[in-house]
Amino acid sequence: MINANDLRRKFADYWSSKKLGHREIPPAPLVLKEDPTTLFTSSGMQQLVPNLTGSPHPLGKRLYNIQPCFRATDIDEVGDNRHTCFFEMMGNWSLGDYFKEEQIPWMWDFFVKELELSKSKLYISVFSGTKEVPKDLESELIWKKLGISDDHIFFYDATKNWWSRSGPPEKMPDGEIGGPDAEVFYEFTDVPHDKKFGENCHPNCDCGRFLEIGNSVFIQYQKNNGKIIEMEQKNVDYGGGFERILSAINDQPDMFKTELFIDIVKEIEENTSKKYTDPLSIQAIRIIADHLKVAVFLIIEGIVPSNKEHGYILRRYLRRAAVKMHQLTGGLTPSFDQILDRGVLRVYDGIQGIDRHKQRSLIFQVVNREMERFSESLDRGLKHFTKLSDNQMEAEAFNLFASYGFPFEITAELAKQRGVMINKITFDEMYKTHQKLSRKVSSGMFKGGLADHSEQVIRYHTATHLLHQSLRDVLGDEVRQEGSNITGERLRFDFSLSRKPSDEEIKKVEEIINQKIKEALPARFEIMPKEKADQIGALSFFKEKYGDKVKVYFIGGSSDNPGLSYSKEFCGGPHIANTSEIGPIKITKIKKIGANLIRIYLIQHPTSTPDVEF
Ligand code: SER
């Protein structure tokens, strides 16, 4: 049986043979840093766009390679037996040299002679034409000359048999190149057709009986002033999924049971005590396997998790893998080290830039740092999510992101599992406003008075809101916050009051705060028009200037239920997610610092009775 290494070698030998005369081009980086149109390489042809439109390639007109590809747009498909976001694409290209007459028989020979795939299991699809581009009868004739019978040739429209980086002709922007394609499908005759996908099975049916293993695109068109025009240079752009071809060679419809996945799956089983054969676990196992491959290939190209561009994509894949892992283990968050090392790195050692021993520690470090960050809030975030009603999910998606680090897509997926589809528009709006407000915070426009953003400082920051409200409850509405200063050691808070508070009153304030901490009230924010915030009575600084939209932190309750909140205040954050995270507090000192101005100190854990200086 041909294994993965044999397949790599056979492919290279075939296209570089004297007869076919192709030169190997180095794979392009997976991560594209300079390209304003796309973040990642998702197809072998991407690095050749200038050469497909006329600029000569230094290695000539006949090229091939095996290109690592990443298609983030396929993320929702991952989980079945054949879709992954990371894959390797075997490609060959003619830059204005040979065309259909050569490509079709050569590709066919590779499948049936070199790989010995059974002819009867191979099906062909050809372009049926549009108003602008004729039906591809030329290709049909060539297939027929090769002995393919009519019942193995299928015609499809531009949604299936046209390829450009932007999809069908009407979606191509000016300048974009593309053309009709001829695809080869492998039929897994043991997989019965599932009528859920249509009455009759056919190569493009999604039931899993057919698998596309090769796509020859005849790049002979370009969009120009909104019209599809013939290019002078007629090109061939062939791409075949390496993992899929291996599935066909093995006559194994489940790609995750082939050599490129089996050890990764085994390591996931071992680390979760769940079996791949378990229908409740299989989807999560496939997602983890794919996403960790993605992570490894992005990390070796220098990407680290962040909230922007490439880094955000990496974060999203790692966090989704963590959620799936959490679901499989019922809450334990085991390390990914073993799966990464004995799974992904061992399978790819020496291939596509992977050096298991050299890269292992970097990969562990990047992944573990991200997992440490996320695991603290993962459990709490999932618990928070389970408490949400169906119609709260959309509005709360941003809170899950801001308070628990859940990328939108994870929340959307959790919602979908409960049968609720949520829209990203609300999230995006809140994200934008939040960014603006955060910029104001960092440029000092909100005088949060925070020394840093450590956990302890954030706890004290939430305690400030409890203190402000409890002072008003006990001492009256004359109390207004005049300033605050927080370090990891203590919270200092200045407020207006024209008299000395009594010991009992201070004790009462302390009691209320500790009570609110015990009640484990959620702290969450909403972004709303300033008018609405004023209307529901959110506290604001007199001296501060606010824009049209403001961020209001609620401790308990929400804008729909302002009556349920203990405190509501204009604030840029950050805050902890629940008051129970603060722990018992004590007021240690109270001091008059000016006319009608009092300073109060509070610390976590009781140590002393307050000093009073009046
Ligand atoms: N560009 C085509 C694809 O990505 C063929 O290589 O499928």
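Residue numbers here run from 1 along each chain, matching the order of that chain's written sequence. Only residues with pLDDT of 70 or above have their local features reported here, since the model is predicted, and side-chain atom pairs are shown and tallied only from 80 upward, although totals for entire chains, interfaces and linings are computed over all residues. Where side-chain values are given, they derive from all heavy atoms of the structure, hydrogens and water being excluded.

- Per an unreviewed UniProt entry, the protein goes by alanine--tRNA ligase.
- UniProt positions are given in the numbering used here, feature names are shortened, and annotations may be inferred rather than shown by experiment. Under the Sequence similarities (unreviewed entry) heading, UniProt states for the protein: "Belongs to the class-II aminoacyl-tRNA synthetase family."

Quick word on the overall build of the protein
(1) Moving on: Starting at the N terminus, helices and strands are each numbered in turn, a helix being any DSSP run of H or I of at least four residues and a strand any DSSP run of E of at least two. When its secondary structure is counted, the protein shows 17 helices and 17 strands.
(2) Moving on: Expressed as lengths along the three principal axes of its C-alpha atoms, the size of the protein is roughly 100 × 55 × 50 Å.
(3) Moving on: Here a residue-residue contact requires only that any non-hydrogen atoms of the pair lie within 4.5 Å. For the protein, the share of sequence-separated contacts (at least 6 apart) that also reach a separation of at least 24 residues comes to 67%.
(4) Moving on: Computed with a 1.4 Å probe, the accessible areas rest on the Shrake-Rupley method; for each residue, only the protein chains presented here act as cover. Per element, the accessible surface of the protein, about 27,400 Å² overall, is 49% carbon and sulfur.
(5) Moving on: A positive count includes Lys and Arg, and a negative count includes Asp and Glu. His and the chain ends are not counted in either. Each charge is placed at NZ for Lys, CZ for Arg, CG for Asp and CD for Glu. The averaged location of the 88 negative side-chain charges in the protein is 4 Å from the averaged location of its 83 positive side-chain charges.

So, helix H3 (residues 100-114)
(1) Moving on: The end-to-end C-alpha separation of H3 is 20 Å, in line with the 21 Å expected for 15 residues at 1.5 Å each.
(2) Moving on: The buried label applies to any residue whose accessible area, calculated with a 1.4 Å probe on protein chains only, is under 20% of its type's maximum; exposed applies above 50%, and partly exposed to all values in between. Buried residues of H3: Lys100, Gln103, Ile104, Pro105, Trp106, Met107, Trp108, Phe110, Phe111 and Val112, and no others.
(3) Moving on: Looking one or two places after H3, you find Glu116, whose phi comes out positive at around 55 degrees. Any helix carries an expected span of 1.5 Å times its number of residues minus one.

A short note on empty space enclosed by the protein
(1) Moving on: Note on definitions: the grid is 1 Å and covers protein atoms alone; a cavity is a set of points where a 1.4 Å probe fits but cannot get out; a pocket is an open set with protein on both sides within 12 Å along at least five of seven lines; lining residues have an atom within 4 Å of a point. Grid points are joined across faces, edges and corners, and a volume is the space filled by probe spheres set on the points. One pass over the full model with this rule turns up 2 cavities of 30 Å³ or more.
(2) Moving on: Empty space within the largest cavity amounts to approximately 60 Å³.
(3) Moving on: Along its surface, the largest cavity is lined by His468, Arg480, Gln481, Leu539, Ser540, Phe541, Glu569 and Phe570.
(4) Moving on: Residues were grouped as follows: Ala, Val, Leu, Ile, Met, Phe, Trp, Tyr, Cys and Pro as nonpolar; Asp, Glu, Lys and Arg as charged; and all remaining residues, including Gly, as polar. A breakdown of the residues in the lining of the largest cavity according to their chemical character gives 3 nonpolar, 3 polar and 2 charged.
(5) Moving on: Approximately 40 Å³ is the volume attributed to the second largest cavity.
(6) Moving on: Together, Arg320, Val323, Lys324, Ile410, Glu413, Leu414 and Gln417 line the second largest cavity.
(7) Moving on: Listed by contribution, the elements that provide at least two residues to the lining of the second largest cavity are helix H9 (309-329) and helix H13 (408-417).
(8) Moving on: Tallying contributions element by element places H13 first for the lining of the second largest cavity, with 4 residues.
(9) Moving on: Class assignment of the residues belonging to the lining of the second largest cavity gives a composition of 3 nonpolar, 1 polar and 3 charged.

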